[in-house]
Amino acid sequence: MTENEPPRISTGVTGLDEMLGGGMPDNSILLVCGGSGVGKTIFTLQYMMAATDRREPCVYVSLEESMKKKIKNALAFGWDVSQVCEKGLVEYLDLFMVPHSQGVVEPVDRVRGKLQFSIDHEIEMLVKKINAKHIILDPLTSILVHEQRSGKKRFLIGKLFESIRNLGCSAVITTEGMPKENDFYMEMFLADGVVLLGKDIKDYKLTKTIRIDKMRGIDFDDQPRRYAITSRGFQVFSKEPVLI
Ligand SMILES: Nc1ncnc2c1ncn2[C@@H]1O[C@H](COP(=O)(O)OP(=O)(O)O)[C@@H](O)[C@H]1O
Ligand SMILES: [Mg+2]
């Protein structure tokens, strides 16, 4: 690492840290994209638990899947999310989006009901409450899916990302679906880093691959690598070529 290089933080996944040459740059927004069941949610939990191991507080924003379900699933990997919450290392927002007529969508808290303010504002309050260093949001798609107007979409993403940057946090944000060539995913342009998770089937054999599409400010391994999800969580085989 040269003097001008930004300090790195671990993604919680050793093989991915190796692909990044030591982790992601501090204060960056990493987008994790992929179809259903590729392990995006598990990745977010692993990132969060690694941060809490370093005693760095996190704010986790859960959309669609309830926090209760995620906390239960996390136990299978030996991650005790309730315990890190009790220790004051994690605060979470447990939300779902309710669509109304005329394309208006409202965030609703599973416990408190309709939000009085915006998601950005709620995140800011929680970050300040525990002096969080990380914001995790899973999935961003849930906030954007009802918004057809591309200008409004860009505004929503831009506003969220700017508030994350202003808070001085690093972030991991998931999006559902794999962008195809010529697809225009605004969040990919606005994020600092993009990691793509994919599944390929050849000769009836499934291979899961991870690829870093971009990461601002650093040099990284741009080749696809194989990954697996085991009882130890998300594991990337950074030293092996992908054999399909
Ligand atoms: N306890 C576990 N042990 C091993 N693999 C698991 C376990 N729980 C889930 N998985 C794997 O993780 C996948 C789901 O991961 P998840 O993070 O929920 O995906 P996504 O959020 O991308 O839809 C499952 O399809 C399964 O392959
Ligand atoms: Mg998920």
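The notes below deal with the structure included here. Being a predicted model, the structure only gives us computed values, none of them experimental.

Things to note about the overall build of the protein
Move 1: Check the secondary structure of the protein and you find eight helices and 13 strands.
Move 2: Against the 2.2 N^0.38 benchmark of 18 Å for 244 residues, the protein shows a C-alpha radius of gyration of 18 Å, consistent with a compact globule.
Move 3: Dimensions of the protein along its principal axes, counting C-alpha atoms only, are 50 × 40 × 40 Å.
Move 4: Buried positions account for 38% of the 244 residues belonging to the protein.
Move 5: By sequence separation, contacts in the protein at least 24 residues apart represent 66% of the contacts at least 6 residues apart.

Re helix 7 (residues 150-166)
Move 1: For helix 7, spanning 17 residues, the distance from its first C-alpha to its last is 24 Å, which sits close to the expected 24 Å at 1.5 Å a residue.
Move 2: Those residues of helix 7 that are buried lie in contact with strand 3 (29-34), helix 5 (119-130), strand 8 (134-138), helix 6 (141-144), strand 9 (170-176) and helix 8 (186-190).

Examining the sheet that holds strand 10 (residues 193-202)
Move 1: Across the sheet, 11 strands lie side by side as 7-6-5-4-8-9-3-10-11-12-13; this open sheet has mixed pairing. With partners counted over all chains shown, the strands left at the sheet margins are strand 7 (113-114) and strand 13 (233-237), one partner each.
Move 2: In this structure, strand 6 (residues 105-109) lies alongside strand 7, joined through two bridges in antiparallel fashion. Bridge pairing links V108 to K114 in strand 7.
Move 3: Against the sheet, helix 5 contacts strand 4 (58-63), strand 5 (90-99), strand 6 and strand 8, and its axis sits at roughly 170 degrees relative to strand 5.

Some remarks on the site of ligand 1
Move 1: Looking at ligand 1, the residues that line it are G34, S36, G37, V38, G39, K40, T41, I42, A76, I229, T230 and S231.
Move 2: Secondary-structure elements contributing two or more residues to the shell around ligand 1 are helix 2 (40-53) and strand 12 (225-230).
Move 3: In the shell around ligand 1, the residues fall into four nonpolar, seven polar and one charged.

Side note on the nonpolar core
Generally speaking, a soluble globular protein has its nonpolar side chains buried in company with each other.
Move 1: With 61 residues, the main nonpolar core has V61, I135 and I136 as its most contacted residues.
Move 2: Sort the elements by how many residues they give to this core and helix 2 lands first, with seven residues.
Move 3: Discounting chain neighbours no more than four positions away, the residues touching V61 are L93, L95, I119, I123, I136 and L137.

Things to note about the pairing of strand 6
Move 1: One ladder, built from five bridges, connects strand 5 with strand 6; its direction is antiparallel. When the bridges of strand 6 are listed, L95 appears paired with D109.
Move 2: In sequence, strand 6 turns back onto strand 7 through a hairpin of three residues.

Considering the pairing of strand 4
Move 1: Most of strand 4 is tucked away: six of the six residues are buried.
Move 2: Where burial is concerned, the two faces of strand 4 agree: the one with C58, Y60 and S62 and the one with V59, V61 and L63 are both buried.
Move 3: Note: strand 4 against strand 8, five bridges, orientation parallel. Note that in strand 8 the partner of C58 across the bridge is H134.

So, the environment of F77
Move 1: Assignment of secondary structure puts F77 in the loop between helix 3 (67-75) and helix 4 (81-86).
Move 2: For the pair F77 and R232, spaced 155 residues apart in sequence, the C-alpha to C-alpha distance is 5.6 Å.

Describing the environment of D213
Move 1: Here D213 shows up in strand 11 (residues 205-215).
Move 2: Sequence separation of D213 and Q223 is 10 residues, and the distance between their C-alpha atoms is 9.1 Å.
Move 3: With residues near it in sequence (within four places) discarded, D213 still touches V194, V195 and L196.

Focus on helix 2
Since there are 3.6 residues in each turn of an α-helix, residues three or four apart along the chain are aligned in direction.
Move 1: Given a rise of 1.5 Å per residue, 14 residues ought to cover 20 Å, and the 20 Å separating the end C-alpha atoms of helix 2 matches this to within 8%.
Move 2: The element helix 2 is largely enclosed, with a buried count of 12 among its 14 residues.
Move 3: Turning to helix 2, its buried residues number three or more, namely K40, T41, F43, T44, L45, Q46, Y47, M48, M49, A50, A51 and T52.
Move 4: Downstream of helix 2 by one or two residues, R55 has phi in the positive range, about 60 degrees.

The rules behind the values
- Residues numbered from 1 in each chain as written.
- Chains lettered and ligands numbered in written order.
- Predicted model: local features only at pLDDT ≥ 70, side-chain atom pairs only at ≥ 80, totals over all residues.
- Helix = DSSP H or I, 4+ residues; strand = E, 2+ residues; numbered from the N terminus.
- Rg over C-alpha atoms; globule rule 2.2 N^0.38 Å.
- Buried ≥ 20, exposed ≤ 12 C-beta atoms within 10 Å, placed from the backbone.
- Contact = placed C-beta atoms within 7 Å.
- Expected span 1.5 Å × (residues − 1).
- Pairing = 2+ DSSP bridges.
- Axes fitted to C-alpha atoms, helices over the stretch in contact; angles between N-to-C directions.
- Near = placed C-beta within 6 Å.
- Nonpolar A, V, L, I, M, F, W, Y, C, P; charged D, E, K, R; others polar.
- Core = buried A, V, L, I, M, F, W, Y, C linked by C-beta atoms within 7 Å.

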